[in-house]
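Here is what each chain is made of, one letter per residue.
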Amino acid sequence: CLKQLTDLPFFDKSLRNYLFSRIMGVTLVVFVLVLATSTILYDRLILRQSRDTARGIAGQTYVSIEALMPYGPSRQKLLATIEAIKKAHSTSPYQIEVYRGSLVDDQYGAIEGAPAPNETIRKIMAGAGRQEILENGTWTRHFYPLAAGPACLNQCHAGVEAGAVLGVVEVRQNVKEMSARMRSDCLWIFVFYAGL
C-alpha cells in the first residue's frame, strides 16, 4: 500500500520523502501493535481481577452467613444479613445473589419472592460443593456453595449430612462493559500520543 502511494505522480521521490514515508509506516505499525497488546493484556487483567474479587466477595458472604449459624438465627435476621451484604456492594460492579437449596426449603419452607435456582445453580447444589467460575465474554459468574458444617448440623440443620450443599452464593460482574470503557479511554490516549 505504501509503495503504491509513493508511485503516485505527485509524490516527490526525494530521500526526505522516502525516509518520512518509511518512518510513518513503522510508526503506524508500532502504534497498532502497542494498542492491540495493551488491550489484550488489560482484558486479561480485568478477568483475573474480577475472578479474585468475586471469590473474595463470595467467601465473605459465606463467612457472614456461617458466623450466624451457631446462634440459630431467625429467618428475618438471616435475610437482613444477606440484604445488608447486597446493599454494601450495590455501588460496585458486582451483583450478589444467594440461592437456597431444596434441603433448606424442605426443612423451613420456601421464601416467597426468593430467586429460583436455574439449571447451573441446581447442578452446583447437586455436585460435590466445589466453587465454579463461568465466563462467556460478557459476564464472569463465581459460584460459592454453602456447605453444611458442624455448626450447621448442631444448630439449625439436624438430619442433614455433613458437606451437603444448603445454598449457593453467586457473584457476577459485567466484564464486557468494563473492557469497553477501558478501550474507549485508552484509544483517545493513544490517538493523542500518535498525534504527538
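Values in this document were obtained by computation on a predicted structure and should not be read as measured data.

## Concerning helix α7 (residues 175–195)
Then step 1. Helix length check: α7 (21 residues) gives 30 Å between terminal C-alpha atoms against 30 Å at 1.5 Å per residue, within 8%.
Then step 2. Buried within α7 are the following residues: V175, S179, M182, C186 and F190. Buried residues of α7, seen end-on, are gathered within an arc of 65° and therefore sit on one face of the element. Those residues of α7 that are exposed and angled more than 90 degrees off the buried face are W188, F192 and G195.

## Details of the pattern of salt bridges
Then step 1. Within this structure, the stated rule accounts for five salt bridges.
Then step 2. Between K86 and E83 there is a salt bridge, with the nearest N and O atoms lying 3.7 Å from each other. Here K86 pairs with E83, and both are found in helix α3 (residues 75–88), just three residues apart, close to one helical turn.
Then step 3. Here K86 falls in the partly exposed class, since its relative accessible area comes to 22%.
Then step 4. For K86, the salt bridge goes to E97, with nearest N and O atoms at 2.8 Å. Of the two residues, K86 sits in helix α3 while E97 sits in strand β1 (residues 94–100), which places them eleven residues apart along the sequence.
Then step 5. A relative accessible area of 18% places E97 in the buried class.
Then step 6. Linked by salt bridges that have partners in common, E83, K86 and E97 make up one network.

## A short note on the confidence of the model for the protein chain
Detailed conclusions should not be drawn from predicted coordinates in areas where pLDDT is low.
Then step 1. Considering every residue of the protein chain, the mean pLDDT works out to 77; 83% of them sit at 70 or more.
Then step 2. Within the protein chain, the element-level pLDDT minimum falls on helix α1 (residues 2–6), averaging 57, and the maximum on β1, averaging 85.

## Observations regarding the sheet that holds strand β2 (residues 132–135)
Then step 1. Taken in spatial order, the four strands of this open sheet run β1-β4-β3-β2, and their pairing is antiparallel. One side of each edge strand has no neighbouring strand; the edge strands of this open sheet are β1 and β2. Between one strand axis and the next, the sheet turns through 20° on average, direction left out of account.
Then step 2. Pairing of β2 with strand β3 (residues 139–147) involves four bridges; the strand directions are antiparallel. Bridge assignment links E135 to a residue of β3, and that residue is T140.

## Remarks on the nonpolar core
Then step 1. In this structure, I65, I96, V98, L146, V169 and V171 are the most contacted members of the largest nonpolar core, which totals 15 residues.
Then step 2. It is helix α2 (residues 15–68) that provides the largest number of residues to this core, a total of five residues.
Then step 3. In contact with I65, not counting residues within four places along its chain, are L78, I82, V98 and L146.
Then step 4. In terms of nonpolar packing, the next biggest core, distinct from the first, is built from seven residues, Y99, I121, F143 and V168 among them.

## Some points on helix α5 (residues 119–126)
Then step 1. Burial in α5 covers these residues: I121, I124 and M125. Considered in projection along α5, the buried side chains sweep an arc of 100° and stay on one side of the axis. What points out from α5, more than 90 degrees from its buried face, is the exposed set E119, K123 and A126.
Then step 2. Those residues of α5 hidden inside the fold are in contact with β1, β2, β3 and β4 (165–174).

## Some remarks on the environment of I85
Then step 1. Positionally, I85 belongs in helix α3.
Then step 2. Sequence spacing of I85 and Q60 is 25 residues, and the spatial spacing of their C-alpha atoms is 9.0 Å.
Then step 3. Each residue touching I85, except ones within four places of it in the same chain, is listed here: T61, S64 and I96.

## Digging into the pairing of β4
Then step 1. With nine of ten residues buried, β4 lies mostly within the body of the structure.
Then step 2. Direction of pairing for β1 relative to β4: antiparallel, over a ladder of seven bridges. The residue of β4 that forms the bridge with V98 is V169.
Then step 3. When β3 meets β4, the two strands line up antiparallel, connected through nine bridges. Paired with A147 across the two strands is V165, which belongs to β4.

Rules of the game
Residues numbered from 1 in each chain as written. Predicted model: local features only at pLDDT ≥ 70, side-chain atom pairs only at ≥ 80, totals over all residues. Heavy atoms only, no water. Helix = DSSP H or I, 4+ residues; strand = E, 2+ residues; numbered from the N terminus. Expected span 1.5 Å × (residues − 1). Buried < 20%, exposed > 50% of the residue type's maximum accessible area, 1.4 Å probe, protein only. Arc of directions from axis to C-beta. Salt bridge = Lys/Arg side-chain N within 4 Å of Asp/Glu carboxyl O. pLDDT = per-residue confidence, 0-100. Pairing = 2+ DSSP bridges. Axes fitted to C-alpha atoms, helices over the stretch in contact; angles between N-to-C directions. Core = buried A, V, L, I, M, F, W, Y, C linked by side-chain atoms within 4.5 Å. Contact = heavy atoms within 4.5 Å.

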